[in-house]
Amino acid sequence: MASAAPTALLAPISLDATTSLYTVTLAKPSPSGDSPLMLDLDNSNLWRDCVNPRPYSSPTFKPLLCNETAACLAAQSCTSLICGSAGCYDTCNEVGLAFPACSNYTCASWASISAIQWTMGTSVWRDTISLPSTDGKNVLTTVSIPEFAFLCTDDTLLKGGEGRLPAGVVGGAGLSRAPIALPSQISAKINTISRKFAYCLPSSPNSHGVLFFGDGPYVFLPGIDVSKLLRYTPILSFSKQSDSYFIQIQSISVNNVSLPINPSLLTIRRNSTTRIYVGGTRFSSSVPYTRLEPSIYTALASEFKKASIARGIKPVAAVSPFDLCFDASSASSTRVGYNVPQIDISLKGKQVVWQIFGANSVVMVNDRVFCLAFQKTDEFESRSIVIGTYQQQNAFFQFDLAANKLGFLPTLLGLQTTCSNFNLP
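An account of the accompanying structure is given in this report. Bear in mind that the values here come from a model prediction, so they are computed numbers and not experimental data.

1. Quick look at the environment of Leu21
So, step 1. In this fold, Leu21 is placed in the loop between strand 1 (8-15) and strand 2 (22-24).
So, step 2. Once the C-alpha coordinates of Leu21 and Gln375 are considered, the two residues, 354 residues apart in sequence, prove to be 17 Å apart.
So, step 3. Each residue touching Leu21, except ones within four places of it in the same chain, is listed here: Ser14, Leu15, Asp16, Met38, Ala115, Arg164, Leu165, Pro166 and Ser286.

2. A few points about the sheet that holds strand 18 (residues 257-258)
So, step 1. Pairing is antiparallel in the open sheet, where four strands are placed in the order 18-17-27-28. On the outer flanks of this sheet lie strand 18 and strand 28 (352-356), each paired with one strand and no other.
So, step 2. Judged from the five bridges that link them, strand 27 (residues 343-347) and strand 28 form a sheet pairing that is antiparallel. Residue pairing across strands places Asp344 opposite Gln355, the latter belonging to strand 28.
So, step 3. The sheet contacts of helix 5 (residues 294-310) involve strand 17 (249-254), strand 18 and strand 27, and relative to strand 17 the element is tilted by about 30°.

3. Brief notes about the sheet that holds strand 23 (residues 315-316)
So, step 1. Strand order in this open sheet of four strands is 23-24-30-29, and the pairing throughout is antiparallel. Looking at strand neighbours, the two that pair on one side only are strand 23 and strand 29 (362-364), the edges of this open sheet.
So, step 2. Sheet topology places strand 29 next to strand 30 (residues 369-372); three bridges connect them, and they run antiparallel. Within strand 30, the residue paired with Val362 across the bridge is Leu372.

4. Brief notes about helix 4 (residues 182-189)
So, step 1. Across the eight residues that make up helix 4, a large majority, six, are buried.
So, step 2. Listing the buried residues of helix 4 in full gives Leu182, Pro183, Ser184, Gln185, Ile186 and Ser187.

5. Some words on the pattern of salt bridges
So, step 1. A complete count under the given rule lists nine salt bridges for this structure.
So, step 2. Residue Asp42 is joined to Arg282 by a salt bridge in which the shortest nitrogen-to-oxygen separation is 3.3 Å. A residue pair is termed long-range when its members are at least 10 positions apart, and Asp42 in the loop between strand 3 (37-40) and strand 4 (46-49) and Arg282 in strand 21 (residues 281-283) qualify at 240 residues.
So, step 3. Exposure remark for Arg282: the relative accessible area of 13% places this residue in the buried category.
So, step 4. Measuring nitrogen to oxygen at the nearest pair gives 2.6 Å for the salt bridge that ties Glu147 to Lys62. A residue pair is termed long-range when its members are at least 10 positions apart, and Glu147 in strand 9 (residues 139-153) and Lys62 in strand 5 (residues 62-63) qualify at 85 residues.
So, step 5. Taking the relative accessible area as the measure of exposure, Glu147 reaches 37% and is therefore partly exposed.
So, step 6. The network of salt bridges with common partners includes Asp42, Arg282 and Glu381.

6. Concerning the state of the cysteines
So, step 1. Taken as a whole, this structure holds four disulfides when the rule is applied.
So, step 2. At a sulfur-sulfur separation of 2.0 Å, the disulfide partner of Cys200 is Cys419. Across the S-S bond of Cys200 and Cys419 the torsion is about -70°, and the bridge reads as left-handed. Highlighted residues: Cys200 in strand 11 (residues 196-200) and Cys419 in the segment after strand 34 (405-409), separated in sequence by 219 residues. Across this residue pair, the class does not change: Cys200 and Cys419 are buried.
So, step 3. The residue that forms a disulfide with Cys325 is Cys371, at a sulfur-sulfur distance of 2.1 Å. On the S-S bond that ties Cys325 to Cys371, the torsion sits near 95°, and the link is right-handed. In this pair, Cys325 is assigned in strand 24 (residues 325-327) and Cys371 in strand 30, connecting sequence segments 46 residues apart.
So, step 4. Residue classification places Cys371 among the buried positions, given a relative accessible area of 0%.

7. Overview of the pairing of strand 3
So, step 1. Where strand 2 and strand 3 come together, two bridges link them in antiparallel fashion. Pairing of Val24 across the sheet is with Leu37, part of strand 3.

8. Quick word on unusual backbone geometry
So, step 1. Cis geometry is found at the peptide bond from Asn52 to Pro53, where omega equals 5°.
So, step 2. Leu221 connects to Pro222 through a cis peptide bond whose omega is 10°.
So, step 3. Within the element layout of this structure, Pro222 appears in the loop between strand 13 (219-220) and strand 14 (224-225).
So, step 4. Positive phi values are uncommon outside glycine, yet Asn394 reaches one of about 55°.
So, step 5. Position of Asn394 among the secondary structure elements: in the loop between strand 32 (385-387) and strand 33 (396-400).
So, step 6. Unusually for a residue other than glycine, Gln416 sits at a positive phi of about 60°.

9. Notes on the side chain of Ser176
So, step 1. Structurally, Ser176 is set in the loop between strand 10 (171-174) and helix 4.
So, step 2. Ser176 gets classed as buried once you look at its relative accessible area, which sits at 0%.
So, step 3. There is a polar contact of 3.2 Å between the side chain of Ser176 and the backbone oxygen of Asn43.
So, step 4. Every residue in contact with Ser176, bar those within four places of it in the chain, is listed here: Asp40, Leu41, Asp42, Asn43, Ser44, Ala181, Pro183, Asp243, Tyr245 and Leu401.

Rules used in this analysis
Starting from 1, residues in each chain are numbered consecutively following that chain's sequence as written. Note on the predicted model: pLDDT of at least 70 is required for a residue's local features to be given, and 80 or more for side-chain atom pairs to be given and counted; whole-chain, interface and lining totals, by contrast, use all residues. Think of the side-chain values as coming from all heavy atoms in the structure, minus any hydrogens and water. Helix numbering and strand numbering both begin at the N terminus, where a helix is a DSSP run of H or I of at least 4 residues and a strand a DSSP run of E of at least 2. Residue contacts are defined here by distance: any two heavy atoms, one from each residue, within 4.5 Å place the two residues in contact. Paired strands are those between which DSSP finds at least two bridges. The axes used here are C-alpha line fits, helices contributing only the stretch in contact, and every angle between their N-to-C directions lies in the interval 0 to 180 degrees. When a residue's accessible area, from a 1.4 Å probe over protein chains only, is under 20% of the maximum for its type it is buried; when over 50% it is exposed; and in between it is partly exposed. Salt bridge, as used here, is a side-chain nitrogen of Lys or Arg placed within 4 Å of a carboxyl oxygen of Asp or Glu. Two cysteine sulfurs form a disulfide in these notes if their separation is within 2.5 Å. In protein, a polar contact means a hydrogen-donor-capable atom and an acceptor-capable atom, both N or O and within 3.5 Å, with residues adjacent in sequence counting only if both atoms are side-chain atoms; elsewhere, any N or O pair within 3.5 Å suffices.

Here it is as structure tokens:
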């Protein structure tokens, strides 16, 4: 009897202790083999270094040709219905990339690493990828997806990130809204899998979190189905060119005291001079600690310090890269981290609040000191708030691309479970 079509696939997520970046691993056979890929919310595709240490090869490896118009357009490499020189390699000798990073008459697109903000043009190919299926509780059989579009690069991107990327990484796993990013492409090729993905980031490099493609249930030991506990807020769309995930923050408070924030900073708007979209809030998988526009950060740090002192928590000298730090011995511990002032983020929706407790608001910098785990944005950041991965640890997020909504659970710790408690082998 034929097995039932899968409704969800999964992959383990790992935290790299050296870089604080997250990686994901596909199953064999896949272009990446069992080597890690960068987990990248802003990346539009699956890509890998296909040139070093040796050229990539596979019995089912073949190019996505420029005359395959629809598929080439889906790779976001062409600007018209006919693949022209802007989206097709027909003069590889002039480009200067080695085969198979460059192949004549092959669709071209962009591979990138958000963590180092490097991008390069390269060729689009197809091969089989594999991922384990799941019933939401257990890992089931491995599912292979043929003719999956991915990008082949040379070692330019990985060398550019040398020392700043997790050891052993061979490429990136793009989770954006783009047509050939993993969520949309998996759903398009397996019609029983909905156009959704969800993840749970571990807080320790010694255990795994989990990435799901498809709908729930998502059951964590000892039997907690987090899909039934999600709160929802819209995923915003303001530009067809943007693949990132944006949400609308309405207000931020500390210990029930609302911060004085210029409302225009919380809204995505177009700068009248530069025509660039600025402001608003986006999710990141490559920024470790949430970054706030300087005036928002100053308001948060000031109120957090005031409320902490009122609880008897003693400030100490700052420890780089953080500005506000405390004596850990002056704070008590709870199931959800140190008993520090609660930060509440109100989101668009009916009474949708993201509570941030001590486990996600402060970080231990040594055995005596913890610091407020937020930082200021730099001058090059166009968003007012960038949600970092530390604030996402042991929380749960479901990105529903069809309905344009984000489902989330602020923390699993209060339920006496963690992201590492899914039943992975």
